[in-house]
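Tertiary structure, described
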Amino acid sequence: MKERVIIDCDTGIDDALALVLALSRPELDIVGITTVAGNVDVENTTRNTCNVVHLLGRDDIRIAKGEPKPLEREPLRASGVHGVTGLRGYTFDSDWKENLLDIHAVEFMKRLLEESDEKTTIIAIGPVTNVAKLLIEHPEVKDRIRRIVFMGTSYHCGNPTPVSTFNVLVDPEAFRKVIFSGVEFVACPLEVTKTATIEPDEVERLDAMGTPVARFAASIIRGYGITKIGADEKIDTANEEVISENRLKAAKESNEVTMHDPATIAYVIDPSLFTTAKYYCDVECKGELTTGFTLIDKNDYYKKEDDERNLTLMESIDRPRFIDLFLDSVRRYG
Ligand code: BDR
Ligand code: CA
């Protein structure tokens, strides 16, 4: 049976690739897509989402725009990584808005949850501001959520700080609200997504498919990352994640293309690609240096009971099978 899902995203290059994967799959019944501020502002994440969904030929899927900023903080962007529009490497000829609804994302989520007896999975591949608002404003829909599957968290590394992942760092208060809501919470951490890379020869294979979707995917992959910042690109440094010279140097050396958000979608399509374990998790919201750090009690320091372990953590991904799944999804668009 298909899994009923809502995708909440901050489209973004890897979000767009995640949509390519998700919207091709028979395993998913995508009943709506919501947008949030994150990689770029919510106007751009919404525009990108609408255009990508249209390019993928899925005008049947409705989209609603969500929160322009985190619950309690000023926005933080990653336009150095994704480009000032959020989709560096590709420009749409025109903007498609036909499936953009006139209601707020949180209201749309609530309606979608209420309209079906079947429980719905929320796949959150951006900061969880919309999801937290949903749980704060409409706690009665909580039991209608099957689970929340999230891209983010880490236990011994970070991005864009040494200890925190972007989607948590942007809105840690929202993240805390969500992980202690009692709804099943599954995360794809940075340790896993760092191994979910697409290699240059695989991007060549993608490009060689020659279809509009394949060319779109290859183009944005080639525009992905801080080493691709164009000389004429005006990055808004006021709200931008830190791009130090050392980070640029490291990125040049590694030249890796990390499929964070597609890997998260892949878990819902085929969990056999992953291993998982359950832990207790909290998040640092007041740190001087460590805001957004996810404390994951891997060594069972707190001796939490099973029902207090609020995080199902993906611990490994079968990269070759994941990339096959992604390439196969691109082929499905013909
Ligand atoms: C996450 O942050 C964003 O930049 C990506 O879209 C992804 O969701 C990776 O840390
Ligand atoms: Ca994202």
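Let us look at the structure shown here. (Residues numbered from 1 in each chain as written. Chains lettered and ligands numbered in written order. Predicted model: local features only at pLDDT ≥ 70, side-chain atom pairs only at ≥ 80, totals over all residues. Heavy atoms only, no water.)

Points about the overall build of the chain
- Across its full length, the chain carries 13 helices and ten strands.
- Taken over the C-alpha trace, the chain has a radius of gyration of 18 Å; the compact-globule value for 334 residues is 20 Å, and the two agree within 12%.
- Taking the principal axes of its C-alpha atoms as reference, the chain extends roughly 50 × 45 × 40 Å.
- Across the 334 residues in the chain, those meeting the buried criterion constitute 57%.
- Counted over contacts in the chain with a minimum sequence separation of 6, partners at least 24 positions apart contribute 83%.
- Surface accessibility of the chain: about 14,100 Å² in total, with carbon and sulfur atoms responsible for 47%.
- Separation between the mean location of the 41 positive side-chain charges and that of the 58 negative ones in the chain comes to 1 Å. (Helix = DSSP H or I, 4+ residues; strand = E, 2+ residues; numbered from the N terminus. Rg over C-alpha atoms; globule rule 2.2 N^0.38 Å. Buried < 20%, exposed > 50% of the residue type's maximum accessible area, 1.4 Å probe, protein only. Contact = heavy atoms within 4.5 Å. Areas by Shrake-Rupley, 256 points an atom, 1.4 Å probe, with all protein chains shown as cover. Lys, Arg positive; Asp, Glu negative; His and termini not counted. Charge placed at Lys NZ, Arg CZ, Asp CG, Glu CD.)

Examining helix α7 (residues 172-179)
- Among the eight residues that make up α7, six are buried, leaving the element largely enclosed by the rest of the structure.
- Taken together, the buried positions of α7 are Pro172, Glu173, Ala174, Phe175, Val178 and Ile179.

Quick word on the nonpolar core
- Grouped together as the largest cluster of nonpolar side chains are 68 residues, with contacts concentrated most on Ile7, Leu23, Ile30, Ile33, Ile265, Phe322 and Phe326.
- In terms of residue count, helix α1 (residues 13-22) provides more of this core than any other element does, eight residues in total.
- Not counting chain neighbours up to four residues away, the residues in contact with Leu23 comprise Ile30, Ile33, Val53, Leu56, Arg58, Ile61 and Tyr333.
- Counting 35 residues, the second largest nonpolar core, distinct from the first, contains Ile6, Ala124, Phe150 and Val168. (Core = buried A, V, L, I, M, F, W, Y, C linked by side-chain atoms within 4.5 Å.)

Considerations on the packing of helix α4 (residues 105-114) against helix α5 (residues 129-137)
- Across the interface, α4 lies against α5 with an axial gap of 9 Å and an inter-helix angle of 65°. Crossing of α4 against α5: the hand is right-handed. For the pair formed by α4 and α5, the contact residues are Ala105, Val106, Met109, Lys110 and Leu113 on the first element and Asn130, Val131, Lys133, Leu134 and Glu137 on the second. (Axes fitted to C-alpha atoms, helices over the stretch in contact; angles between N-to-C directions. Left-handed = near helix turned anticlockwise from the far one by under 90°.)

Description of unusual backbone geometry
- A cis amide bond, omega -5°, links Thr11 with the succeeding residue Gly12.
- The phi dihedral of Asp300 is positive, around 55°, even though this residue is not glycine.
- Note that Asp300 resides in the loop between β9 (294-296) and β10 (311-317).
- Looking at Asp300, the relative accessible area reads 24%, which means it is partly exposed.

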